[in-house]
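If you want the building blocks of each chain, they are given just below.
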Amino acid sequence: MKNLLPITCLIAAMSQMPASAHEAQTHQHAEIVPIPAYTLPYGEAGGNAALQAAQSLLATFGAAEQSEFVFDWASNQREKWSNLPGGMVTRPGLSIGEMSDAQRGLLFDLLSSSLGADGYERLGDLLAAEAFLSQAPRASRYGWFPENYWISFYGTPSDNGPWGWQFGGHHLGLNISIRDGQVTTMSPTFWGTEPAIFTLNGIDYESVVDMHRSGYAVFQSLTEQQQSAAMTRRVPGDIETGPGHDGRVPDLIGIAAREFTPEQRRLLLETIRLWVSIQPDENASPRMAEIEADLDAVHFAWNGTAEVNTPTYMRIQGPSLIIELHSTGGNFGANALGLGHYHTIYRNPTKEYGRHR
């Protein structure tokens, strides 16, 4: 029964389904996958470049249109993100499928101007996975199409105050917050995929797999006694701090990095960096320095193997950090059987949505 999604995931998915949802977009998505190459039309990625890109995109919409996807900084709309498919959950914002070709190009300018090169490449892998699922028999039912990703803005983009954007859909909830011209956080960010290793239109993709393997490398570097301390009792049905769980800080599990050797600490930091580097360097570098300064208090927990399509769980948790990775060991899409299905989350519980706690 390896290729069946765990019943706990099915129950969770059904609990998030609204009474009515978006009708799935059914475009050919030739201009979306693969996404445009990573370019920096407004200079180095970061708050200033993101501001110019946001203003260029917003200028193509009238005031009435902007009111549909530009919200107040403190709006609770931002907390209504989900990792479920676009055909199951209605989201605030404007979808890729509703944009003109020119607007879609400006959207990708915004994404490249706001993300690190690693993050932008991961985004391309994720949208390619969605295009792969669009070939599955149930694609129309669930809205498995790369057009079903939504952009929304919070606060007025400016260089002297807080604002941010959210981009999300199936297996994605990306929140970038900017204050006074600088990216300050990307918490919370959900990153997942189905499938994980696949070929689409002659291009080979691997999505999230490096995160899994990097975590396993940390576990493999541990002594037998350390592994016993790090091992969780079971693989849960899903991640514990995903959508709908803002503010939740789980109890610490696993082994503290204060017990690690220098090489084990290096491997742990390399694993953490795979999430942190989704954002541009102007915040990724100071964020990594902050995490490293608190590394003694960071806990690492693991249960699983190095194999992609097997149940696996990892949690890395410290004073200002929660990372979870979950491999379900099963698939929804009939054409993705055996190709992997992942959920991951990155949170800084002290700075969710750019708000200090």
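Residues numbered from 1 in each chain as written. Predicted model: local features only at pLDDT ≥ 70, side-chain atom pairs only at ≥ 80, totals over all residues. Heavy atoms only, no water.

Colleague: I keep staring at the environment of asparagine 348 and nothing clicks. Help me out?
Modeller: Within the element layout of this structure, asparagine 348 appears in the loop between strand 14 (342–347) and strand 15 (351–352). For asparagine 348, a relative accessible area of 3% gives the class buried. For asparagine 348 and threonine 189, which are 159 residues apart along the polypeptide, the C-alpha to C-alpha distance reads 9.6 Å. Leaving out residues up to four positions away in the same chain, asparagine 348 has contacts with Ser187, Arg287 and Ser320. (Helix = DSSP H or I, 4+ residues; strand = E, 2+ residues; numbered from the N terminus. Buried < 20%, exposed > 50% of the residue type's maximum accessible area, 1.4 Å probe, protein only. Contact = heavy atoms within 4.5 Å.)

Colleague: What is the right way to look at the side chain of glutamine 279 in this model?
Modeller: Looking at where glutamine 279 falls in the secondary structure, it is placed in the loop between helix 9 (262–276) and helix 10 (281–293). Among the polar contacts made by the side chain of glutamine 279, one reaches the main-chain carbonyl oxygen of valine 276 at a distance of 3.3 Å. Those residues in contact with glutamine 279, other than ones at most four positions away along the chain, are Leu115, Gly116, Val183, Thr185, Met186, Ala284, Arg287 and Tyr346. (Polar contact = N/O pair within 3.5 Å; in protein donor to acceptor, adjacent residues only side chain to side chain.)

Colleague: When you look at the confidence of the model for the chain in this model, what are you seeing that I'm missing?
Modeller: Close inspection of predicted coordinates is inappropriate for parts of the model with low pLDDT. For the chain, per-residue confidence averages 92 on the pLDDT scale, and 91% of positions sit at 70 or higher. Confidence over residues 1–27 falls short of pLDDT 50; this stretch has 58 contacts with residues more than four positions distant or in other chains. (pLDDT = per-residue confidence, 0-100.)

Colleague: Explanation requested: the packing of helix 7 (residues 209–221) against helix 9 in the structure shown.
Modeller: Two quantities define a packed helix pair, namely the angle between the axes and the distance from one axis to the other. Running from N to C, helix 7 and helix 9 point in directions that differ by 165°, and their axes come no closer than 9 Å. With respect to helix 9, the element helix 7 is oriented roughly antiparallel. Considering only the axes of helix 7 and helix 9, their crossing is left-handed. In contact with Asp210, Met211, Ser214, Gly215, Ala217, Val218 and Ser221 of helix 7, helix 9 contributes Gln264, Leu267, Leu268, Glu270, Thr271, Leu274 and Trp275. (Axes fitted to C-alpha atoms, helices over the stretch in contact; angles between N-to-C directions. Parallel < 35°, antiparallel > 145°, perpendicular 65-115°, else oblique. Left-handed = near helix turned anticlockwise from the far one by under 90°.)

Colleague: Just to check I follow, could you spell out the packing of helix 4 (residues 101–114) against helix 5 (residues 117–133) for this structure?
Modeller: Contact geometry for helix 4 and helix 5: axes closest at 9 Å, N-to-C directions at 135°. In terms of their interaxial angle, helix 4 and helix 5 are classed as oblique. Together, Phe108, Leu111 and Ser112 of helix 4 and Tyr120, Leu123 and Leu127 of helix 5 make up the contact between the two elements. For the contact of helix 4 with helix 5, the residue count by class is five nonpolar, one polar and no charged. (Nonpolar A, V, L, I, M, F, W, Y, C, P; charged D, E, K, R; others polar.)

Colleague: Where do I start with the environment of isoleucine 176 in this structure?
Modeller: Position of isoleucine 176 relative to the elements: it lies in strand 5 (residues 172–179). Measuring from C-alpha to C-alpha, the distance between isoleucine 176 and glycine 247 comes to 17 Å, with 71 residues separating the pair along the chain. Leaving out residues up to four positions away in the same chain, isoleucine 176 has contacts with Arg78, Ser114, Leu115, Trp163, Gly164, Trp165, Val183, Thr185 and Met186.

Colleague: Explain the nonpolar core here, please?
Modeller: Among soluble globular proteins, nonpolar side chains are generally buried collectively. The biggest cluster of nonpolar side chains holds 88 residues, and the ones touching the most others in it are Phe153, Trp165, Phe167, Ile272 and Phe300. Sorting elements by how many residues they give to this core places helix 5 first, with nine residues. In this structure, phenylalanine 153 is in contact with Ala54, Leu57, Leu58, Phe69, Val70, Phe71, Leu110, Trp163, Gly164 and Trp165, ignoring residues within four places of it in sequence. Residues Trp81, Phe190, Ile239 and Tyr353 belong to the second largest nonpolar core, which totals five residues. (Core = buried A, V, L, I, M, F, W, Y, C linked by side-chain atoms within 4.5 Å.)

Colleague: Any chance you could explain the layout of surface pockets here in plain terms?
Modeller: In this approach a probe as big as a water molecule rolls over the atoms, and the regions it shows empty are the leftover space. In this structure, the second largest pocket encloses a volume near 250 Å³. Together, 15 residues line the second largest pocket, and Thr232, Arg233, Glu240, Ile253 and Arg315 are the ones closest to its centre. (1 Å grid on protein atoms, 1.4 Å probe; cavity = no way out; pocket = protein on both sides within 12 Å on 5 of 7 lines; lining within 4 Å. Points joined across faces, edges and corners; volume = space filled by probe spheres on them.)

Colleague: Looking at this model, I keep getting lost on the environment of alanine 306. Mind explaining?
Modeller: Along the chain, alanine 306 turns up in the loop between strand 11 (299–303) and strand 12 (312–318). Not counting the four nearest positions on each side in its chain, alanine 306 is found in contact with His212 and Tyr216.

Colleague: In this structure, what is going on with the pattern of salt bridges? I would like to understand it.
Modeller: As a working rule, side chains carrying opposite charge can pair if their charged atoms are close by. Summed over all chains, the structure comprises 12 salt bridges. Put simply, arginine 355 and glutamate 79 hold a salt bridge, and the shortest N to O gap is 3.1 Å. Of this pair, arginine 355 sits in strand 16 (residues 355–356) while glutamate 79 sits in the loop between strand 1 (70–71) and strand 2 (94–95); the two residues are 276 residues apart in sequence, bridging distant segments of the chain. Owing to a relative accessible area of 25%, arginine 355 belongs among the partly exposed residues under this scheme. Judged by its relative accessible area of 34%, glutamate 79 falls in the partly exposed class. The closest approach of N and O atoms between glutamate 206 and arginine 213, which form a salt bridge, is 3.5 Å. (Salt bridge = Lys/Arg side-chain N within 4 Å of Asp/Glu carboxyl O.)

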